[in-house]
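So you can see what is in the structure, the chains are spelled out below.
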Amino acid sequence: MPELTYAQALNQALREEMWRDPNIVLLGEDIGKYGGVFGVTRGLYDEFGGARVRDCPLNEASIVGFGIGLALAGMRAVTELEFMDFCTYAMDQITNQAPKLRYIWGGQVKVPLVVRMPIVAELGFGSQHSQSLEAWFMHVPGLKVAIPSTAYDAKGLLKTALRDDNPIVFIENVKLYATKSEIPDDEYLISFGKADIKREGDAVTIVAISAMVPEALQAADELARVGISAEVIDPRTLAPLDADTIIASVQKTGRLIVAHKAHKTGGVGAEIAQLVSERAFDALDAPVVRVAAQDVPIAASQPLEAATFPGAKELVSAARKLVNR
Amino acid sequence: MPELTYAQALNQALREEMWRDPNIVLLGEDIGKYGGVFGVTRGLYDEFGGARVRDCPLNEASIVGFGIGLALAGMRAVTELEFMDFCTYAMDQITNQAPKLRYIWGGQVKVPLVVRMPIVAELGFGSQHSQSLEAWFMHVPGLKVAIPSTAYDAKGLLKTALRDDNPIVFIENVKLYATKSEIPDDEYLISFGKADIKREGDAVTIVAISAMVPEALQAADELARVGISAEVIDPRTLAPLDADTIIASVQKTGRLIVAHKAHKTGGVGAEIAQLVSERAFDALDAPVVRVAAQDVPIAASQPLEAATFPGAKELVSAARKLVNR
Amino acid sequence: MELITAKQIELLKQMWRIRCFEEQAIRLYGEGYYRGSTHPYIGQEATAVGACAALRPTDPVLATYRGHGVCIAKGSDPQRMMAEILGKETGLCHGKGGSMHLADASVGFVGSNAVVSAHIPMAGGVALAQQLNHTGAVVACFFGDGASCEGIFYETCNMAALWKLPLVFVVENNEFAISTHVSESISVPHIAQRAQAFGFPGVTVDGCDVLAVYAAMSAAAARARSGDGPTLVEAQTIRWTRHSAVSAGGYGAGKDAERWRATDPIPRYSEWLVTQELIAPDEPARIEQAARAEIERAVKFAIESPLPAVEQLHEDIFA
Amino acid sequence: MELITAKQIELLKQMWRIRCFEEQAIRLYGEGYYRGSTHPYIGQEATAVGACAALRPTDPVLATYRGHGVCIAKGSDPQRMMAEILGKETGLCHGKGGSMHLADASVGFVGSNAVVSAHIPMAGGVALAQQLNHTGAVVACFFGDGASCEGIFYETCNMAALWKLPLVFVVENNEFAISTHVSESISVPHIAQRAQAFGFPGVTVDGCDVLAVYAAMSAAAARARSGDGPTLVEAQTIRWTRHSAVSAGGYGAGKDAERWRATDPIPRYSEWLVTQELIAPDEPARIEQAARAEIERAVKFAIESPLPAVEQLHEDIFA
Ligand SMILES: Cc1ncc(C[n+]2csc(CCOP(=O)(O)OP(=O)(O)O)c2C)c(N)n1
Ligand SMILES: Cc1ncc(C[n+]2csc(CCOP(=O)(O)OP(=O)(O)O)c2C)c(N)n1
Ligand SMILES: [Mg+2]
Ligand SMILES: [Mg+2]
């Protein structure tokens, strides 16, 4: 099996699905000849032409709005936002329009729209380019939210998204774009709502999101050396969320850590923790622990940025404290 | 003491502070001669003139952006969004700009900005005009979030907001605009980060947000009749959040319900519940219960809307189940 | 493009349908048959009717919460519209949308949007789909003077001009947003002037003259269909009511009665039809009566229809 | 407004400071002294320098992530700027902002913004404050050709025109966004034309001619100061580098070398100063040397400065 990077896997998913479905149109900034600011759409312009891979002016709200319009007209749109932080310009289209039109119009229309946006944390871009805002979208009924952590998952989930007739916020991560997976030659899809157990263990469950997944696997290695067996679960999609897999794990371990690079307060860690508390309270030997970014704007300066985001180190100490509680 | 409605109390707070601080400028749609779509700014145009009470064209993003600019230039801006749902147009200014500029510029500037926005739930306006999106703002470091439930609190908190040198999202509620409190003749302020125990009890703690507070008080009455003593707490501000008062109550009651009209998944109920689980796990006799809106877009049709939002009835049955667990 | 007589008469019928429909919608709100709000189109009938008459049935149309007029003009069924406004199961959207969210895909009305201007880029996307699929269809996007201040309107103008999309922007300039007069919200005398910034034509037309609107829209649609791109049609009109059932604002009850009578598109067009001897002098009255009767049937249907079952709550969230 | 000789020479010094500063910023990024990105102003020096020279020290200025040039032109200290870019405690923002978020309130630069166009309505608000407080100050807002496509730009144009704000929009048209050429993103030949939609003047000027920019900006500032409202000044310029340290795009390395040489604002202005006999023929070389030395001192200062202590993390969130 060939090894592909996360970015290449996304590119392959787009390419395969665009061949399969001539209705797919891509809209975004610099996605055409240039191939995307982070190269995800590289080559697609040459392969499918400027009619289907459309460079747009800088206007995120209208890029997503045009995508919704294409969808209303029976096509399938994929819109790219260059950094997740810029979803703020398109927030009305993403949250008040795409996920509501089918419902308020009584099922008369479908809105097959994928809004791709990468998290760009920990690369020194500073406060307006480093946020993880997945919690906002998890709070919006009618939206599906994918947030893969590996090249393999990224491809399988994006292909599924490109066959789904509903609006999907697809959250990528620039820090992971260069990480590799073996990608099967045969086509595969990954359905939404199926968490993946990235590593089995029985002493503590770590639910990790996006770039926290590799950190959690590294932490699990270090924990193993001190005799703590950690199970690492990647939900892969936040809406729908596979609570059953998480709860089954907690039934086994009795301890849960939820880890993400988003700010702690109001992050998805709160939702996942409370869901588990509601459904598996008696299985919990201790309160669910959250390992997340500090609640401060994100500074550009390296030592401050480093102090803002959690990593394997914080996970290890949190797990040790939790287990030896 | 004169009785004032929630809307009148807000109006009085604006008037008093505008007399006190000539630097305060109001920006919004229809806030001038017309007095605001819901009448909150009534009379201020005549009293302070069009220079300080400014009717703006329909462009929410720039209204907030202008407010930030006024603040950067040493003034104090109050911007009104007509329905909370329209914060989606101004999301970049509210979340990526106002709360970050002081930090990323190393403390060189202050951003005294109040962004007023009313929740307009349960009045039949439908999906794009009925949302409670406070959770989004609670997730943004650098923002303060107020969400009063009574006329008395609304006035005291808004006056405090108008003397705070930081960006504040001030969440009102049209359903509460006509509700009354006795308002002291003497000036008073309510500081942020101080929850209010609206009713004392010892069997179950109900933390209620905005329009859920009156529902919780009604539920407490009904629960009292069946011998269940409920304590009702209104955090009044979500950022900062007065966790201590909530936890002290839970230490006493051992049971917690968090109630809001926002959608359940990803709502502030998750954050508050998890905070309490983290800090008072052993005090909890049962998992924290959330009473919140269903995770569906909000329909206009009355029976569907009624089935979407929780009220006193849902609180009563949740409390009974929890206590008799 | 010349109108055949039957169609000329149909324009009058449509204006009367809208007028009667809105009168009933206002009455029913006042009598508590539904909540939320309603934004009447009374006084503006000629704009929706004249513009939609210049379109083909297959041309998609998008409009605002003040969309009852366009919905009727596009050919939707007043019964299912009124049922929707009353939140009934038999409504166009099974009651989930209500007055501000009418849509009828079967007649190409997709649809009303309650967030000012949010539908404008969507209209651009629908137009792009027509271009990509060579359908030959033209898209019409209706919105108000206030909406023309929101940034996404300009963004869409730029993209539509760049890509020469088959799109017509129809600005229903009724002089006010809610309470804000155009002179306080728009820095130029004519909204049509905005088009100059983007390099496509902008025309200002008397929106109370159904034939003038029809002519301007026909030219714009022809231009769009021939691949020359968008046009901005500013229809200068006037609303007869407060902004909405919930909000006053703009015209004061009565105080503008004089202007309303002077600009009323219905008698004006009736007289024209009669003087042109296209209809008999007593025909307008018969047309009004027929419209009143039709809308009363719609009201009866709406009132007698059932409310949606609570089970519907979780339906139609996802496809 | 006539320039005295000292100031005329200062323009050349400023352009050299910017040129040298950016060369060093690029080098230091390449050598790993900082992360994130950096957006060089090389080739565009005449726009920032000519425009800021037409302003008073007390006139507030706002700009973008490509803001080093404007920050220097507004009179900030290259040492603290470079220290900021390297994330140092001694930086303008104590390292919290970095290359894309430079600000120096002490010289009226408030400041750089990393979200395209987000600062435009803020500039409107700063201008409104000047008007309300009768400060007599004018606000200049710099942004790119791509930024002129974002809706908030037009929204601010409308509000600034309605309220006759003392605001000058300076569009740094360097022909590209990241990779997108203006011909693919803007539907009219000149961005200045956008102003027509709002009823205020739009002028296109050679952004590589520091005196032409100065003249256009002086006129715009005078107009704003006299209460006549905003002007849109489109400076046609050209960037010599890839879009940023992270993103290529736009001009290809070398392939545009010919155009760069032809448009280079520095020799062009040097020659003018010499032929006007305002400076001796060997003066430009001395000015370049002085600038190089000054920026090297700034680099040394930045490199030797300490990083912020982690305790700073929770400082300056709230006032
Ligand atoms: C983004 C947004 N801002 C504000 C509102 C509240 N609102 C509803 S209608 C309206 C006035 C719109 O005026 P105009 O565009 O002229 O349309 P008209 O109602 O006159 O037909 C406003 C401000 C809204 N629905 N959406
Ligand atoms: C809202 C937003 N969208 C996209 C980006 C990514 N981005 C950064 S610079 C840039 C190009 C801007 O082009 P232009 O306005 O011409 O300014 P220039 O960089 O050429 O000076 C883009 C798309 C951003 N920072 N903000
Ligand atoms: Mg209007
Ligand atoms: Mg550019």
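This text goes with the structure placed above it.
Calculation criteria
- Residues numbered from 1 in each chain as written.
- Chains lettered and ligands numbered in written order.
- Predicted model: local features only at pLDDT ≥ 70, side-chain atom pairs only at ≥ 80, totals over all residues.
- Heavy atoms only, no water.
- Helix = DSSP H or I, 4+ residues; strand = E, 2+ residues; numbered from the N terminus.
- Rg over C-alpha atoms; globule rule 2.2 N^0.38 Å.
- Buried < 20%, exposed > 50% of the residue type's maximum accessible area, 1.4 Å probe, protein only.
- Contact = heavy atoms within 4.5 Å.
- Areas by Shrake-Rupley, 256 points an atom, 1.4 Å probe, with all protein chains shown as cover.
- Lys, Arg positive; Asp, Glu negative; His and termini not counted.
- Charge placed at Lys NZ, Arg CZ, Asp CG, Glu CD.
- Pairing = 2+ DSSP bridges.
- Axes fitted to C-alpha atoms, helices over the stretch in contact; angles between N-to-C directions.
- Near = heavy atom within 4 Å.
- Polar contact = N/O pair within 3.5 Å; in protein donor to acceptor, adjacent residues only side chain to side chain.
- Nonpolar A, V, L, I, M, F, W, Y, C, P; charged D, E, K, R; others polar.
- Buried area = accessible area lost by both parts, 1.4 Å probe.
- Salt bridge = Lys/Arg side-chain N within 4 Å of Asp/Glu carboxyl O.
- 1 Å grid on protein atoms, 1.4 Å probe; cavity = no way out; pocket = protein on both sides within 12 Å on 5 of 7 lines; lining within 4 Å.
- Points joined across faces, edges and corners; volume = space filled by probe spheres on them.
- Least-squares fit on C-alpha atoms with pLDDT ≥ 70 in both.
- Core = buried A, V, L, I, M, F, W, Y, C linked by side-chain atoms within 4.5 Å.
- Phe/Tyr/Trp six-rings, centres within 6.5 Å; stacked < 30°, edge-to-face > 60°.
- Parallel < 35°, antiparallel > 145°, perpendicular 65-115°, else oblique.
- Left-handed = near helix turned anticlockwise from the far one by under 90°.
- Right-handed = clockwise from strand over helix to strand, strands pointing away.

### Considerations on the overall build of chain A
Then, in step 1: Check the secondary structure of chain A and you find 12 helices and 14 strands.
Then, in step 2: A globule of 325 residues ought to have a C-alpha radius of gyration of about 20 Å, and chain A, at 19 Å, matches this closely.
Then, in step 3: By principal-axis analysis of the C-alpha atoms, chain A measures approximately 60 × 45 × 40 Å.
Then, in step 4: Looking at chain A as a whole, 74% of its 325 residues qualify as buried.
Then, in step 5: Of all intrachain contacts in chain A linking residues separated by at least 6 positions in sequence, the fraction that spans at least 24 positions is 83%.
Then, in step 6: Just so you have it, chain A exposes about 8600 Å², and 47% of that area is on carbon and sulfur atoms.
Then, in step 7: Of the side-chain charges in chain A, 32 are positive and 41 negative, and the distance between the mean point of each set is 2 Å.

### Details of the sheet that holds strand 14 (residues 289–293) of chain B
Residues and elements named next belong to chain B.
Then, in step 1: The strand order 9-11-10-13-14 describes an open sheet built from five strands, whose pairing is mixed. Two strands in the sheet have a free side with no partner beyond their single neighbour: strand 9 (196–199) and strand 14. The average angle at which neighbouring strand axes cross in this sheet is 25 degrees, direction not considered.
Then, in step 2: As judged from the three bridges shared by strand 9 and strand 11 (residues 230–234), these two strands associate in the antiparallel manner.

### Topic: the site of ligand 1
Then, in step 1: Taken together, 22 residues surround ligand 1, and among them B:Glu60, C:Tyr65, C:Arg66, C:Gly146 and C:Ala147 come closest.
Then, in step 2: Note that an oxygen atom of ligand 1 is positioned 2.9 Å from one of the backbone N or O atoms of C:Gly146.
Then, in step 3: Interatomic distance of 3.0 Å between a side-chain N/O atom of C:Asn174 and an oxygen atom of ligand 1.
Then, in step 4: Protein chains shield 98% of the accessible area of ligand 1, which is 580 Å² for the free molecule.
Then, in step 5: Split by residue class, the shell around ligand 1 holds 11 nonpolar, five polar and six charged.

### Points about the site of ligand 2
Then, in step 1: Around ligand 2 there are 22 residues in total, and A:Glu60, D:Tyr65, D:Arg66, D:Gly146 and D:Ala147 lie nearest to it.
Then, in step 2: Flanking ligand 2 are residues from chains A and D.
Then, in step 3: The side chain of D:Tyr65 places a nitrogen or oxygen atom 2.8 Å from an oxygen atom of ligand 2.
Then, in step 4: For ligand 2, a nitrogen atom lies 3.0 Å from a polar atom in the backbone of D:Ala114.
Then, in step 5: Burial of ligand 2 by the protein amounts to 98% of the accessible area it has alone, namely 580 Å².

### Details of the interface of chain B and chain C
Then, in step 1: Counting residues at the interface gives 32 residues for chain B and 39 residues for chain C.
Then, in step 2: Taking both partners together, chain B and chain C bury about 2700 Å²; carbon and sulfur atoms supply 61% of that area.
Then, in step 3: Of all residues in chain B, B:Leu58, B:Tyr89 and B:Leu304 give up the largest surface area on contact with chain C, accounting jointly for 23% of the area buried on that side.
Then, in step 4: On inspection of chain B and its partner chain C, the count reaches two salt bridges.
Then, in step 5: Residue B:Lys33 is joined to C:Glu184 by a salt bridge in which the shortest nitrogen-to-oxygen separation is 2.7 Å.
Then, in step 6: Top contributing element to the side of chain B that touches chain C by residue count: helix 11 (residues 302–308) of chain B, with six residues.
Then, in step 7: Of the residues in the side of chain B that touches chain C, the class split is 15 nonpolar, 10 polar and seven charged.

### What about the layout of surface pockets?
Then, in step 1: In this structure, the largest pocket spans a volume of roughly 520 Å³.
Then, in step 2: Around the largest pocket, the lining comprises 25 residues; the ones closest to its centre are A:Ala239, A:Pro240, A:Leu241, B:Thr265 and B:Asp295.
Then, in step 3: Within the residue set of the lining of the largest pocket, elements represented by two or more residues are strand 12 (237–239) and helix 10 (268–280) of chain A together with strand 14 of chain B.
Then, in step 4: Ranked by residues supplied to the lining of the largest pocket, first place goes to helix 10 of chain A with three residues.

### Structural notes on the environment of D:Gly249
Then, in step 1: With respect to the helices, strands and loops of the structure, D:Gly249 is situated in the loop between strand 6 (231–236) and helix 9 (257–263).
Then, in step 2: On the basis of relative accessible area, D:Gly249 is assigned to the buried category, the value being 12%.
Then, in step 3: Taking the C-alpha atoms as reference points, D:Gly249 and D:Ala177, separated by 72 residues in sequence, lie 8.3 Å from one another.
Then, in step 4: Excluding residues that lie within four positions of it along the chain, D:Gly249 makes contacts with A:Tyr34, D:Ile178, D:Ser179, D:Arg239, D:Arg242 and D:His243.

### What to know about the sheet that holds strand 12 (residues 237–239) of chain B
Residue and element names in this part refer to chain B.
Then, in step 1: The seven strands lie next to each other as 3-2-4-5-7-6-12, forming an open sheet whose pairing is mixed. With one partner strand each, in any of the chains shown, strand 3 (53–55) and strand 12 form the two edges of the open sheet. Taking the axes of each pair of neighbouring strands and ignoring which way they run, one obtains an average angle of 20 degrees across the sheet.
Then, in step 2: Looking at chain direction, strand 5 (residues 113–119) and strand 7 (residues 168–173) are connected through six bridges and run parallel. Looking at the pairing, Pro 118 lines up with Glu 172 of strand 7.

### Some words on the relation of the copies chain A and chain B
Then, in step 1: Once chain A is rotated about the relating axis by 180 degrees and shifted along it by 0.0 Å, it coincides with chain B to within an RMSD of 0.0 Å. Taken together, these values place the two copies in the relation of a two-fold axis.
Then, in step 2: Residue by residue, 98% of the interface of chain A is reproduced at the interface of chain B, so both copies engage with the same surface.

### Thoughts on the nonpolar core
Then, in step 1: Counting 327 residues, the largest nonpolar core has A:Ile94 and B:Ile94 as the members making the most contacts within it.
Then, in step 2: Ignoring anything within four residues of it in the chain, the contact list for B:Ile94 reads B:Val64, B:Leu81, B:Cys87, B:Pro99, B:Val115, B:Met117, B:Phe137, B:Leu143 and B:Val169.
Then, in step 3: Grouped together as the second largest cluster of nonpolar side chains are 49 residues, B:Tyr6, B:Val37, B:Val78 and B:Phe83 included.

### Brief notes about the packing of aromatic side chains
All names here are of chain D.
Then, in step 1: On inspection of all chains with the given rule, the structure shows 39 aromatic pairs over all chains.
Then, in step 2: Between Tyr 29 and Tyr 34, the ring centres sit 5.2 Å apart and the planes meet at 75 degrees, which makes this aromatic pair edge-to-face.
Then, in step 3: Exposure remark for Tyr 34: the relative accessible area of 7% places this residue in the buried category.
Then, in step 4: On the basis of an interplanar angle of 10 degrees and a centroid distance of 5.8 Å, the ring pair of Tyr 269 and Trp 272 is categorised as stacked.

### Things to note about the packing of helix 3 (residues 60–72) of chain B against helix 5 (residues 119–132) of chain D
Then, in step 1: At a closest axis distance of 6 Å, the pairing of helix 3 of chain B and helix 5 of chain D adopts a crossing angle of 55 degrees. Judged by the angle between their axes, helix 3 of chain B and helix 5 of chain D are oblique. For the element pair helix 3 of chain B and helix 5 of chain D, the recorded crossing hand is right-handed. Across the interface between the two elements, B:Ser62, B:Gly65, B:Phe66, B:Ile68, B:Gly69, B:Leu70 and B:Leu72 of helix 3 of chain B pack against D:Pro121, D:Met122, D:Gly124, D:Gly125, D:Val126, D:Leu128, D:Ala129 and D:Leu132 of helix 5 of chain D.
Then, in step 2: Along the lines of polarity and charge, the residues of the contact of helix 3 of chain B with helix 5 of chain D split into 10 nonpolar, five polar and no charged.

### Some remarks on helix 4 (residues 78–85) of chain C
Residues and elements named next belong to chain C.
Then, in step 1: Most of helix 4 is tucked away, with six of its eight residues classed as buried.
Then, in step 2: Among all positions in helix 4, only Pro 78, Met 81, Met 82, Ala 83, Glu 84 and Ile 85 are buried.
Then, in step 3: Those residues of helix 4 that are buried lie in contact with helix 1 (5–30), helix 3 (68–73) and helix 11 (283–304).
Then, in step 4: Near the N-terminus of helix 4, the side chain that reaches the backbone nitrogen of Gln 79, with its oxygen 2.7 Å away, is that of Asp 77.

### With respect to the pairing of strand 7 of chain B
All names here are of chain B.
Then, in step 1: By the criterion of burial, strand 7 is predominantly enclosed, with six of the six residues buried.
Then, in step 2: Judged by which residues are buried, strand 7 turns out to be covered on both faces: Ile 168, Phe 170 and Glu 172 on one side and Val 169, Ile 171 and Asn 173 on the other are all buried.
Then, in step 3: Following the chain from strand 6 (residues 144–146) across helix 7 (residues 151–161) to the adjacent parallel strand 7, one finds a crossover that is right-handed.

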